[in-house]
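What follows is each chain in one-letter form.
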Amino acid sequence: RESCGGLQVAVCGSSSTHQQTLSDSVNHRFPMSASKLEKNIANLERRMREEFHLKLEEALRPCLERLEALEDKLSGNPVEQSNVQIAEKSPQVKKMLGDPVVPKPDESDLDEPESDASKIVPAVELQVKGEPADDAMEPVAFLETTWNLVLVLGHAGVGWIDVLIAWLLLFASAGMQISFVGIILNPFFLGEPFDDRQIETAENWRRSVAHDHTYLDLAQTSLTARVCNGDGSLIISTDQAALIQQINNFLGLKPHELEATGFRYGILMAMLCILLWCLYLCNEFRLIFLSLEAVAQIPRSKTTEIHDGRFKTISHARFWTYCLLRFLRACIAAALLYAGVLWLGYTTSISDLILNAVALGAILEVDEMVFSALMPKKLQLKVQDLEAIKVQYGRMRSQVESLCILAILGGLLAWPWFTIVDPLGKTMELVKQAHCGGHQDFVVGLNEDQKMTVGFMSVPFENSTGQTLTQLAIDDFIWREDESPATYITFHRDIRRFQRYRTQPMKEASMEHSWCADFDGFFADGNNAFSEFSDIADYYRPYLMSARLGLGFTDNASCVSMQHKCDDEDAQLLRYVCGRTCCTDPLRSPWYKVPQKGCPAACLADAARGVSGTVCQESNITMNPTWHKFWDHYPQVLSAELGLDLADNSSNSVAARVLEMVNVFKTYGCPALNISRYSMEVVMSTKWCAGYEELQAPLAPFCPVTCGCTNLTDPSQAPAGCPEYCNAPCEDQTFPPINEEVANCADGAALGWCVADEWVQVCPKTCGACGA
């Protein structure tokens, strides 16, 4: 009794240890699923059995040795023979421990007699009956889902109301999942597929709207450039802009890139989400097949017997009903797999991929959520009490199953890659090329009368970062706190006047007032000439300020300080506000000195009448810098105004004739106008002497003799373009006495007033300013 007293302690101690391990597993702070809990319980059971056998063997060995010695003493047999006869003399021990095994003695004890019975220790081998040593047992738990309801109905002790509700919940959960599948596969839910129709839509947009001149912004950039470069201020074509942004994010493209050359984030995210969804469904199919295999191990009979959650038998009707439900569940899972892969594969927004994957996971768990939230509690407890059924897993089965799962998973990934995801990426590239490929920076409009398409090269988007004149004018007025007039905007009191002045041509504006002045004189300190016309001064102030700002001058720049810009192509507003400085000199460069280019008609009339010192005669014009400047600008003006390409210098080209004419006039001057080949402009076929009202003032002031403007008996017969001062009678004007000293032109000349231009205009004859 003393030797065997430790048996109870050892076995109980082992049991308490594993009970504590099980308690720790159950009471762990992290929740554990039913199937995982069943597996842990099975592992603990196996470990307890093995440890129990070891402890039992260790505790029984002293007792068996003493029992063996006692039997030998009573029977008079030698101790050496007792090891072989233990099993025969003690059938109870043999039944408990198995056949004894004599351990091999150590080499150090070979020469010594084995007379001590305490050295003879039988080896005990214990094995759990019915469990192959090399095969693992997989406990298959019955999960808390509506699909397992059929296993406990009729054995849960519930009323007919709970049974009815349970069946309704089973069909409702299945119907919900089937409905989700139908909705996902519906074309109205999936939307239009991202295929060649998207390319056609992009091409139609590019041909119809993208290059319409109507949609130029204030920076003069085309709609195409703004859409393709992600302009956030768009109010039209926002769908196209959002699509381009999605493609850029999905393929990892920059705004100017049309093909993906680097890492495609959206493609990787789509495949990862599809892989995650396939893993969900692979686990679901595995659980379905394991549950069928587990239920198939239950003996079948006419009735179902369940004792303490363990199936003794299962009826044929219940078994086949459960198989049918498992098959229906597998069909729903397969449909969900197909619908989910399509949905994820056709998702073009990288931010929606993860949300869609999570939504699919929720759809797959509808049956579990319905069971947990709505199933009658007594049925829930009955399903939870079902004991897991162990399924044997051999080495070969495990390997074959692993290979099959990998092969199926590889096929499930290859299918969307080759048929959906990779073609989607290529289609996206083609769609962006259709939207943004080729030339972006141009707009067109249709001339309805001529049925001719007219184009304009717009400003590239990357060059429009600086503000235009209109944008600066808007910024200046938006945050104006006082009630002072706008600096750069001229406002009108009604919409009709607004529309009129918004579309008013420069020619009409240049001819609407009959006076010639520099607008900066309206605001000069001490100038009272326009004090009675302050409203007019306020009206024209934005014109002057806009001219200064547009050419990069300060707000107080004068017309005299800006006059070197008068001959520039884009200085039409400067010529308009500084007409006296820019347009009254008849010997200034004739380019752009016409009403269409900003010169007021009143100022051009003053130029025709002549100013102080203007003489109607020809000089050595070839030495005049203004003459050379005029002809040097001739090719540039043709290129800018008429869009001609003068790079071709072949003998028959327009460029060759233009360059020839430039060289002739710079060399020979006015006499070249008498040659018929050079008397007319090359492209517009207008006479140089008469000028071209759209672009150029007459050359007659430079060549009055050659152009036939002098020695005319009838001034009314003067050729077109001739200045009035060449044939106007040179007489002094009459005026009342100015003071006691000056009563006529002679008095003023005597006092030296002829040095003033104003006096020369009044008394040209006396001051010697008449032409020959």
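Everything numeric here is computed off the predicted structure, so don't read it as measured data. (Residues numbered from 1 in each chain as written. Predicted model: local features only at pLDDT ≥ 70, side-chain atom pairs only at ≥ 80, totals over all residues. Heavy atoms only, no water.)

Please clarify how the overall build of the protein chain should be interpreted in this entry.
Check the secondary structure of the protein chain and you find 27 helices and seven strands. Within the protein chain, contacts between residues separated by at least 24 positions form 64% of all contacts whose residues are at least 6 apart in sequence. In the structure as shown, the protein chain presents an accessible area of about 44,200 Å², 56% of it carried by carbon and sulfur atoms. (Helix = DSSP H or I, 4+ residues; strand = E, 2+ residues; numbered from the N terminus. Contact = heavy atoms within 4.5 Å. Areas by Shrake-Rupley, 256 points an atom, 1.4 Å probe, with all protein chains shown as cover.)

What's the story with helix H14 (residues 377-384) in this structure? I'm lost.
One full turn of an α-helix is made of 3.6 residues, so residues set three or four places apart face in the same direction. Every buried residue of H14 is listed here: Leu379, Gln380 and Val383. Taken around the axis of H14, the buried residues stretch over an arc of 105°, which confines them to a single face. (Buried < 20%, exposed > 50% of the residue type's maximum accessible area, 1.4 Å probe, protein only. Arc of directions from axis to C-beta.)

Mind showing me how you'd approach the packing of aromatic side chains here?
Ring pairs (aromatic) are described by centroid distance and by the angle formed between their planes. With the rule as written, the count across this model stands at 28 aromatic pairs. With centroids separated by 5.8 Å and ring planes inclined at 75°, the aromatic side chains of Phe519 and Tyr576 adopt a geometry described as edge-to-face. Here the residue Phe519 occupies a position in the loop between helix H18 (506-510) and helix H19 (534-550), and Tyr576 occupies one in helix H21 (residues 572-577), the gap between them amounting to 57 residues. Residue classification places Phe519 among the buried positions, given a relative accessible area of 0%. (Phe/Tyr/Trp six-rings, centres within 6.5 Å; stacked < 30°, edge-to-face > 60°.)

Could you clarify how one ought to interpret the nonpolar core in this entry?
The nonpolar side chains of a soluble globular protein tend to be buried, and buried together. Phe142, Leu151, Ile247, Trp277, Leu337 and Leu379 are the most contacted members of the largest nonpolar core, which totals 75 residues. The element best represented in this core is helix H10 (residues 265-296), accounting for 14 residues. Setting aside anything within four residues of it in sequence, one finds Leu151 in contact with Phe142, Ile306, Phe311, Ile314, Arg318, Tyr322 and Leu386. Counting residues in each nonpolar core, the second largest holds 33 residues, with Val662, Cys670, Ala672 and Leu699 among its members. (Core = buried A, V, L, I, M, F, W, Y, C linked by side-chain atoms within 4.5 Å.)

Where do I start with the state of the cysteines in this structure?
Two cysteines joined by a covalent bond between their sulfur atoms form a disulfide. For the coordinates displayed, the defined rule picks out 10 disulfides. Disulfide partner of Cys566: Cys582, at an S-S distance of 1.9 Å. Residues Cys566 and Cys582 are joined through a disulfide that is left-handed, its torsion about the S-S bond being -45°. Separated by 16 residues along the polypeptide, Cys566 in the loop between helix H20 (559-562) and H21 and Cys582 in helix H22 (residues 579-583) bring together distant segments of the chain. What pairs with Cys670 in a disulfide is Cys703, and their sulfur atoms sit 1.7 Å apart. Judged by the torsion about the S-S bond (-75°), the Cys670/Cys703 disulfide is left-handed. On the criterion of sequence distance, the pair formed by Cys670 in the loop between helix H25 (654-668) and helix H26 (745-750) and Cys703 in the loop between H25 and H26 is long-range, its members being 33 residues apart. Just as Cys670 is buried, Cys703 falls in that class too. (Disulfide = S-S within 2.5 Å.)

Which parts of the structure should I look at to understand the sheet that holds strand E4 (residues 310-315)?
Strands pair in a sheet through their backbones, by hydrogen bonds, and they do so in one of two ways: parallel or antiparallel. Strand order in the open sheet formed by three strands is E2-E4-E3, and the pairing between neighbours is mixed. Every other strand in the sheet has two partners, leaving strand E2 (300-301) and strand E3 (305-307) as the edge strands with one partner each. Pairing analysis gives two bridges linking E2 to E4, with the strands arranged parallel. Bridge pairing links Arg300 to Ile314 in E4. Strands E2 and E4 of the sheet are contacted by helix H11 (residues 316-345), whose axis makes an angle of about 95° with E4. (Pairing = 2+ DSSP bridges. Axes fitted to C-alpha atoms, helices over the stretch in contact; angles between N-to-C directions.)

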